[in-house]
Amino acid sequence: MLIRKPDDIPSSEITPERVYINRREFIGKTAGIALGGATGGALIGGAVGGGFMVGPGTAAAQTSPGGQRDWSGVVSEMGEELTPYEDVTSYNNFYEFGTQKDDPFKNAHTLQPRPWTIEVGGMCANPGVYGLEDFIKPGTMEDRIYRMRCVEAWSMVIPWYGFALKDVIDRAAPLGSARYVEFKTLHDPVQMPGQRSRVLYWPYVEGLRLDEARHPLTILATGVYGRDLPNQNGAPIRLVVPWKYGFKGIKSIVSMTFMEQEPYNSWKRAAASEYGFYANVNPAVNHPRWSQARERRLGEFRRRETLLFNGYVDQVASLYAGMDLRVYY
Amino acid sequence: MKRRRLLLKGLVWVLGLAPLVWLLWRGFTDRLGANPIEEVLHRLGDTALIALLVTLSITPIRRLTGWNSLAPLRRPVGLFAFFYLTMHFLWYSVVDQTLDLAFIIEDIVERPYILAGVTAWLLLIPLAVTSTKGWIRRLKKNWKRLHRLVYVATSLGVLHFYWQVKADTYWPLVATTVLVVLMLLRFRWRRA
Ligand code: HEM
């Protein structure tokens, strides 16, 4: 499968020599992981396993050096090819813009991702309202290649651009009694016309246990393929939790609240027998209406086996030690 | 009269083949989106369901308008429905599930929406087989009785559609409404 190039970057700009050299290094590092986990100090993702970092940028920059990178030949830590940019940005579940997969691509132009504010509140020492640039300041921006497994049994491999959620949690300083963090999407039927129809409870709500939220694999993404998130992918900032089903990755976030009780996430509220709070990828626990044992990786013909915790089992299994994953699905 | 009938038949063929040509064109020009296998499966399912509902609406329209020349269209439209349904089933088993029998059987046994679809398809096989003039003559009164199964099959098809939806029940509800209206019309005429 060919990795198509983002079409609005002139080809003359795609691979400046400096980046090209970086890319050689980067591929070398990837090979290192593949050959048995030789992890350099810079390879944060490699060290925690799973996704990995390439070329750190600065938190203030909205576009990484990766935006200039030639992504062809870049693969995940398991050697998987990336899903093409065109597919990542045209096949989305974002019911705020309609329930068909191509609706967000067609309709999300009404969203205005700048200016954007995010409210941090609830049980924390440092609540506040931040503009986007200020909100992401504590974060170290990096590219992370993650598998994305949708609860509907399809999957992609996506190079996100973002930073560890932990970075902004630490600044907020949650109180000892806080156990969860809850996120909300913008609620504005003018910008998000899908909210005029009652297919879900608006605004969209998602949440994590604090230990999940602080896990090094959990990130807030502001970009994909090194460029700003397109609206249909959850601009300007979204959650990515690669070992959970995609619906946990709440988009266009406007609030982050620390709390003691478990957040009541939108899909659980819509159908609690089908979607839980945890939503960990698990081939052994079927959705009541379809099998989770296999998945279709977009671009592939035959379905492939789904991996426990989406292949991040070594990194995250300890979070759920002693829990019955059939009960906490 | 004869020309009109021919024209109508031609129209049925053009409309009946259009979804197939459209899918083929999109396939050959790489316009099926990021998940072409799912896209084709869904469009074949939509087309089959629409064709079934159109089949069921021919008689009511004929009664309401008095256009008796519509009657002979039931057979070709019904057969187009069966054709798309069979394509839908084959696409599911051969392309989507790559003939992995264990998974197909698990799907049929464990997922009511698949069971409903398969039952509907199985019910329609004898109807497709007996759609010829010879069978109409041979089965006499029983032919009509047998072909009432199309209501059962279409209901199961709508249920199949409804059960698979995650949250947006708009189109399944539209299909249900159309089906219920068509059934009520039939009941009224049978009573009258
Ligand atoms: C009267 C019979 C049937 C009708 C009317 C029908 C119709 C449909 C429709 C309308 C859809 C949804 C398309 C969309 O989302 O727009 C669909 C999806 C589907 N159908 Fe059928 N179908 C029938 C029989 C079958 C059979 C026999 C099978 C296979 C054993 C099957 C398997 C599926 C599958 C797997 C889906 C996709 C479900 C998903 O994506 O979650 N159907 N069908």
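Scroll up to find the structure.
Below or above, wherever it landed, is the structure these notes cover.

Calculation rules
- Starting from 1, residues in each chain are numbered consecutively following that chain's sequence as written.
- By the order in which they are written, chains take letters starting at A while ligands take numbers starting at 1.
- In view of the model being predicted, local features appear only for residues whose pLDDT reaches at least 70, and side-chain atom pairs are presented and counted only at 80 or more, with totals across whole chains, interfaces and linings using the full set of residues.
- The basis for the side-chain values is all heavy atoms of the structure; hydrogens and waters are excluded.
- Listed donors are limited to N, O and S atoms within 2.8 Å of the metal, widened to 3.2 Å for Na, K and Ca; water is not among them, so incomplete-looking sites are possible.
- For a four-donor site, all angles between 85 and 135 degrees give tetrahedral; for four or six donors, opposite pairs above 155 degrees with the remaining angles between 65 and 115 give square planar or octahedral; all remaining cases count as irregular.
- Every helix listed is a DSSP run of H or I at least four residues long, and every strand listed is a run of E at least two residues long, numbered separately from the N terminus.
- Three labels apply to residues, based on accessible area from a 1.4 Å probe with only protein chains included: buried if under 20% of the type maximum, exposed if over 50%, partly exposed otherwise in between.
- Contacts: residue pairs with any heavy atoms within 4.5 Å of one another.
- Throughout, the accessible surface (probe 1.4 Å) given up by two parts as they are put together, summed over both, is called the buried area.
- Here a salt bridge means any side-chain nitrogen of Lys or Arg lying within 4 Å of a carboxyl oxygen belonging to Asp or Glu.
- Polar contact criterion, stated in full: a pair of N or O atoms within 3.5 Å, where within protein one must be able to donate a hydrogen and the other to accept it, and residues adjacent in sequence count only if both atoms are side-chain atoms.
- Residue classes follow a fixed rule: Ala, Val, Leu, Ile, Met, Phe, Trp, Tyr, Cys and Pro count as nonpolar, while Asp, Glu, Lys and Arg count as charged, and any other residue, Gly among them, counts as polar.
- Each patch is built from salt-bridge-free residues with over 30% relative accessible area, joining like charges within 9 Å and nonpolar side chains (Val, Leu, Ile, Met, Phe, Trp, Tyr) within 5 Å.
- Computed by Shrake-Rupley with a 1.4 Å probe, the accessible areas treat only the displayed protein chains as cover when residues are assessed.

**A few points about the coordination of the iron atom of the ligand**
Residue and element names in this part refer to chain B.
Next, step 1: Donor atoms from the polypeptide that bind the iron atom of the ligand are His88 (NE2) and His160 (NE2), placed at 2.0 Å.
Next, step 2: Every donor counted, the six donor atoms about the iron atom of the ligand form angles of 84 to 179° at the centre, which fits octahedral coordination. Of this pair, histidine 88 sits in helix H3 (residues 74–96) while histidine 160 is found in helix H8 (residues 149–164), placing the two residues 72 residues apart along the sequence. Note on accessibility: histidine 88 and histidine 160 belong to one class, buried.

**Focus on the interface of chain A and chain B**
Next, step 1: Listed by partner, the interface residues are 26 residues for chain A and 20 residues for chain B.
Next, step 2: The contact between chain A and chain B buries some 2000 Å² in all, and 46% of this surface belongs to carbon and sulfur atoms.
Next, step 3: Between chain A and chain B we count five salt bridges in total.
Next, step 4: Its salt-bridge partner being B:Asp96, residue A:Arg303 comes within 2.6 Å of it at the nearest N-O pair.
Next, step 5: Applying the counting criterion to the chain A and chain B interface returns 11 residue pairs in polar contact (both at pLDDT 80 or more).
Next, step 6: Taken together, the residues of the side of chain A that touches chain B break down into 12 nonpolar, five polar and nine charged.

**Details of a nonpolar patch on the surface**
Residue and element names in this part refer to chain B.
Next, step 1: On the surface, Leu159, Tyr162, Trp163 and Leu173 cluster together to form a nonpolar patch covering roughly 340 Å² of accessible area.
Next, step 2: A total of three residues in the nonpolar patch trace back to one element, the largest contributor, which is H8.
Next, step 3: Summarising the element assignment, leucine 173 is placed in helix H9 (residues 170–191).

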